[in-house]
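Overview (structure and organization)
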Amino acid sequence: MQKKTLHGFHAVSARLKRFPDSVLEIYLDAGRNDVRARDLARLAETHGVKVLHVDDKRLTGIAGDARHQGVAALIDAGKSYVTLDDVLDDLAEPPFLLILDGITDPHNLGACLRVADAMGVHAVVAPKDKSVGITATVSKVACGAAETVPYVMVTNLARTLRELKDREIWIAGTAADADVDLHHFTAGAGPIAWVLGSEGEGMRRLTREHCDVLVSIPMFGAVESLNVSVASGIVLAETRRQRTVAGG
């Protein structure tokens, strides 16, 4: 059993709704009796999950230094695991993926998952090496998206990109030196996987070489680069807009 803790109402509620069997126990601030706390307690009762009313000291001990909002949960993380094939084989529409190469900051990953959820991305993919997993901080920042968007960590990203190409999924990477910018790149409603690297180093060389096209994000101000979650939001929103226009 892969036990870990979650904290925050969004993260715990989303886990209860999507993977109720994975929630082992919920710890709720004994001093809270507001609507949010009562709704969570009722949801837990519906799924047969035990709720323990504890003091703030114990909650802080469970959640660590994080802002827990008065709630934490112990979960079996292994019960939410999916493979990329599981996701792709179950789709009834062209795949829409986000691939993150070398993202190690949990706040960045949490924000990327939140954006991915908002734009209807089917899965977020990352290599197991030099990438952050789903931690309590990631779940908190993601505001529930870590429990709704499949996050698939793969052993060999280059091989995964080749397998996506075999499925006729277009691989579009972001790069400042690309020959085409986002305003002139048409993805339409077809299958696509966006690849983004870290703000400082960008994509690794081998990842870049496996992209079908490199696309830049037009910049009109003084800054030269964007946080990866901001860049993700821009390219995913544009793709979602094109899909909507194309009826996809």
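Every value quoted in this text rests on a predicted model; they were computed, and no experiment measured them.

Our next topic: the nonpolar core. In terms of nonpolar packing, the biggest core is built from 33 residues, with Leu98, Leu100, Leu113, Val124, Phe185, Trp194 and Leu196 touching the most fellow members. Put simply, the parts of the chain that give this core at least two residues each are strand E5 (96–101), helix H5 (106–118), strand E6 (123–127), helix H6 (136–142), strand E7 (151–154), strand E10 (192–197), strand E11 (213–216) and helix H9 (228–246). Other than its neighbours up to four places away in sequence, leucine 98 contacts Cys112, Val121, Ala123, Val124, Val125, Trp194, Leu196, Ser232 and Leu236. Ranked by size, the runner-up nonpolar core spans 18 residues in total, among them Leu97, Leu157, Val195 and Met203.

On to the environment of glycine 110, then. For glycine 110, the location among the structural elements is in helix H5. The buried category is assigned to glycine 110, whose relative accessible area is 0%. For glycine 110 and glutamate 45, which are 65 residues apart along the polypeptide, the C-alpha to C-alpha distance reads 28 Å. Look past the residues within four positions of glycine 110 in its chain and what remains in contact with it is Val138, Val141 and Ala142.

As a further point, take helix H2 (residues 35–46). The end-to-end C-alpha distance of H2 is 16 Å, a good match for the 16 Å that 12 residues give at a rise of 1.5 Å each. Among all positions of H2, only Ala37, Leu40, Leu43 and Ala44 are buried. The arc that holds every buried residue of H2, seen down its axis, measures 125 degrees, which confines them to one face. Facing away from the buried side of H2 by more than 90 degrees, the exposed set consists of Val35, Glu45 and Thr46. Considering only its buried residues, H2 is in contact with helix H1 (9–18), strand E2 (23–29), strand E3 (50–54) and strand E4 (71–76). Looking one or two residues past H2, glycine 48 carries a phi angle of roughly 70 degrees, positive in sign.

One pass over the full model with this rule turns up zero disulfides. This cysteine, cysteine 112, is not joined by any disulfide, and cysteine 143 carries the nearest cysteine sulfur, 14 Å off. We note that cysteine 211 lacks a disulfide partner, and the nearest cysteine sulfur, in cysteine 112, lies 16 Å from it.

Cut-offs applied
Residues numbered from 1 in each chain as written. Predicted model: local features only at pLDDT ≥ 70, side-chain atom pairs only at ≥ 80, totals over all residues. Heavy atoms only, no water. Core = buried A, V, L, I, M, F, W, Y, C linked by side-chain atoms within 4.5 Å. Buried < 20%, exposed > 50% of the residue type's maximum accessible area, 1.4 Å probe, protein only. Helix = DSSP H or I, 4+ residues; strand = E, 2+ residues; numbered from the N terminus. Contact = heavy atoms within 4.5 Å. Expected span 1.5 Å × (residues − 1). Arc of directions from axis to C-beta. Disulfide = S-S within 2.5 Å.

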